[in-house]
Amino acid sequence: MAGTRGWLRLSSIAAALGALLVVTACGEGGSGDGGKDGGKTIRIAYQAFPSGDLIVKEKGWLEKALPGYQIKWTKFDSGASINTAFVAGSVDLAAIGSSPVARGLSEPLNIPYQVTWVLDVAGENEALVARNGSKVSSVKDLVGKKVATPFSSTSHYSLLAALDQAGVDASKVQLLDLEPQDILAAWTRGDIDATYVWLPTLEELKKTGKVLVSSRELAAAGKPTLDLGVASTSFLKAHPDVLPAWRKAQAQALDLIHDDPDAASAAVGKQLGISPAEAGAQIKQGIFLKPAEQADAKWLGTPGKVGGLADNLHSAAQFLVDQKQIDSAPDLDKLRKSIYVEGLTDAVSP
């Protein structure tokens with residue numbers, strides 16, 4: 001069975017790559033030169049959830065800090081699609097969840113990227129919610145029900161963790177792989193009973209549903225998830241001037257979230273197409289570190305002493321093995337090498 005699972009995953013990856021390469025050829029997936037010496041294009045994959053990353057984009061801080069580069073921001077709907085883009089070589093920097101990063105660093109993907117930042121720690125901004133009228137009032141009630149989540153995402157990981165915590169065999173649940181916008185449509189039609197998904201889609205669903213468990217609760221139970229910044233290893237080597245500027249911009253965004261929440265809410269609201277008040281309420285549901293905490297032993301750490309984030313990724317990968325999502329987890333040493341701490345202290349210093 002392990003061999004069959006691996007073959008099926010590789011087949012789906014190949015199909016996704018084919019589609020992605022067609023898009024790239026049409027000019028939607030970046031210039032293709034971002035990771036090569038002499039390339040002056042930075043291809044950034046972002047996701048539309050409340051974060052400092054959206055503030056950096058809205059404010060144009062990276063463009064101001066790196067005027068010699070052309071910066072292309074491309075929206076992705078999930079970490080799985082971002083991993084596919086990295087495999088295709090069409091992305092340089094990205095905002096992606098910790099679970100897809102753990103998967104990306106594992107076989108068969110073995111993506112050559114490194115973690116450079118903690119965008120946020122999931123709180124109430126990701127949750128399992130049951131649709132009103134579905135007759136689901138607890139996680140145990142999901143047996144035989146249709147539950148959607150974007151596969152290979154932090155929400156997928158958290159859904160499996162919630163089922164495991166409740167003693168529910170995941171094979172007894174009808175799991176559906178849907179992107180957030182498709183989840184909203186399926187929910188509206190009554191095609192699904194529950195979903196594990198993130199903001200802003202989650203906020204819409206809560207209007208006609210009931211939250212069963214949040215990622216904050218799962219984190220307290222030992223299954224934390226995070227949104228991370230990652231960078232192609234080849235890009236880091238070819239363009240050593242980019243990451244320090246990117247980190248400074250991200251640190252500025254975190255400061256804005258903590259020190260001027262109204263300004264942060266206005267910027268995020270513009271990116272999400274919602275009011276500042278709505279954006280502010282959504283930001284409060286996540287957990288955002290202060291810049292200096294990035295170098296803390298609990299998170300990225302410092303040169304020569306990589307932090308606990310590597311252990312978090314190892315635990316996530318091992319859980320995915322236990323859930324038969326991947327065949328084997330990378331060893332801890334490999335994951336420690338995937339945490340890029342060079343220059344971090346300078347970037348987060350006041």
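Residues numbered from 1 in each chain as written. Predicted model: local features only at pLDDT ≥ 70, side-chain atom pairs only at ≥ 80, totals over all residues. Heavy atoms only, no water.

1. Looking at unusual backbone geometry
So, point 1. Put simply, Glu107 and Pro108 share a cis peptide bond, and its omega is 5°.
So, point 2. For Pro108, the location among the structural elements is in the loop between helix H5 (98-104) and strand S4 (113-121).
So, point 3. A positive phi is found at Lys324, a non-glycine position, where the angle reads about 60°.
So, point 4. With respect to the helices and strands, Lys324 occurs in the loop between helix H14 (309-322) and helix H15 (332-337).
So, point 5. Under the relative-accessibility criterion, Lys324 is labelled exposed at 54%. (Helix = DSSP H or I, 4+ residues; strand = E, 2+ residues; numbered from the N terminus. Buried < 20%, exposed > 50% of the residue type's maximum accessible area, 1.4 Å probe, protein only.)

2. Here's the deal with the sheet that holds strand S7 (residues 174-177)
Backbone hydrogen bonds are what pair the strands of a sheet, in a parallel or an antiparallel way.
So, point 1. Taken in spatial order, the five strands make up an open sheet running S7-S6-S8-S5-S9, and their pairing is mixed. A single partner strand is all that each edge strand has here, and the edge strands are S7 and strand S9 (209-214). When strand polarity is set aside, the average angle formed by the axes of neighbouring strands in this sheet is 25°.
So, point 2. Pairing geometry for strand S5 (residues 126-131) and S9, over five bridges, is antiparallel. (Pairing = 2+ DSSP bridges. Axes fitted to C-alpha atoms, helices over the stretch in contact; angles between N-to-C directions.)

3. Some remarks on the packing of aromatic side chains
So, point 1. Applying the stated rule across the entire model yields four aromatic pairs.
So, point 2. Relative to Trp73, the ring of Tyr46 has its centre 6.1 Å away and its plane inclined at 75°; by these criteria the two rings are edge-to-face. Placement of Tyr46 in strand S1 (residues 41-46) and of Trp73 in strand S2 (residues 70-75) is noted, with a sequence separation of 27 residues between them. Of the two residues, Tyr46 and Trp73, neither departs from the other in class, the shared state being buried.
So, point 3. Their ring planes at 70° and their centres at 5.1 Å tell us that Tyr157 and Phe319 sit as a pair that is edge-to-face. Of this pair, Tyr157 sits in helix H6 (residues 154-165) while Phe319 sits in helix H14, and the two are 162 residues apart along the sequence. Both residues of the pair, Tyr157 and Phe319, count as buried.
So, point 4. Lying across the ring of Tyr69, Lys40 places its NZ or CZ 4.0 Å from the centre. (Phe/Tyr/Trp six-rings, centres within 6.5 Å; stacked < 30°, edge-to-face > 60°. Lys NZ or Arg CZ within 6 Å of the ring centre and 35° of its normal.)

4. Side note on the environment of Ala148
So, point 1. Within the fold, Ala148 resides in strand S6 (residues 146-149).
So, point 2. In this structure Ala148 comes out as buried when scored by relative accessible area, which is 0%.
So, point 3. Separated by 32 residues in the primary sequence, Ala148 and Pro180 place their C-alpha atoms 9.2 Å from one another.

5. Concerning helix H7 (residues 180-189)
Along an α-helix, residues three or four apart share an orientation, since each turn contains 3.6 residues.
So, point 1. When H7 is considered as a whole, its buried residues turn out to be Pro180, Ile183, Ala186 and Trp187. Seen end-on, H7 carries its buried residues on one side only, within an arc spanning 120°. With respect to the buried face of H7, the exposed residues turned more than 90 degrees away are Thr188 and Arg189.
So, point 2. Where H7 terminates, the next one or two residues include Gly190, which has phi positive at roughly 80°. (Arc of directions from axis to C-beta.)

6. Some remarks on the sheet that holds S1
So, point 1. The strand order across the open sheet built from five strands is S2-S1-S3-S10-S4, with neighbouring strands paired in mixed fashion. Strands with a single pairing partner mark the edges of an open sheet, and in this sheet they are S2 and S4. When strand polarity is set aside, the average angle formed by the axes of neighbouring strands in this sheet is 25°.
So, point 2. Across seven bridges, the pairing between S4 and strand S10 (residues 226-232) is antiparallel. Bridge pairing in S10 links Val118 to Leu228.

7. Observations regarding the nonpolar core
What tends to happen in soluble globular proteins is that the nonpolar side chains get buried as a cluster.
So, point 1. Ile42, Ile55, Val101, Val115, Val118 and Leu313 are the most contacted members of the largest nonpolar core, which totals 90 residues.
So, point 2. With 10 residues, the single largest contributor to this core is helix H11 (residues 242-259).
So, point 3. If we ignore the near neighbours within four places in the chain, the residues touching Ile42 are Leu66, Tyr69, Gln70, Ile71, Lys72, Asp92, Leu93, Phe235 and Val242.
So, point 4. Listed in part, the 17 residues of the second largest apolar core include Ala130, Leu163, Val168 and Leu212. (Core = buried A, V, L, I, M, F, W, Y, C linked by side-chain atoms within 4.5 Å. Contact = heavy atoms within 4.5 Å.)

8. Remarks on the packing of H11 against helix H12 (residues 261-272)
So, point 1. Interhelical geometry of H11 versus H12 gives an angle of 120° and a closest axis separation of 5 Å. Compared by their axis directions, H11 and H12 come out oblique. Counting all contacts with H11, which are made through Leu256, Ile257, His258 and Asp259, the residues of H12 involved are Pro261, Ala263 and Ala264.
So, point 2. Here the contact of H11 with H12 is built from residues that sort into five nonpolar, one polar and one charged. (Parallel < 35°, antiparallel > 145°, perpendicular 65-115°, else oblique. Nonpolar A, V, L, I, M, F, W, Y, C, P; charged D, E, K, R; others polar.)

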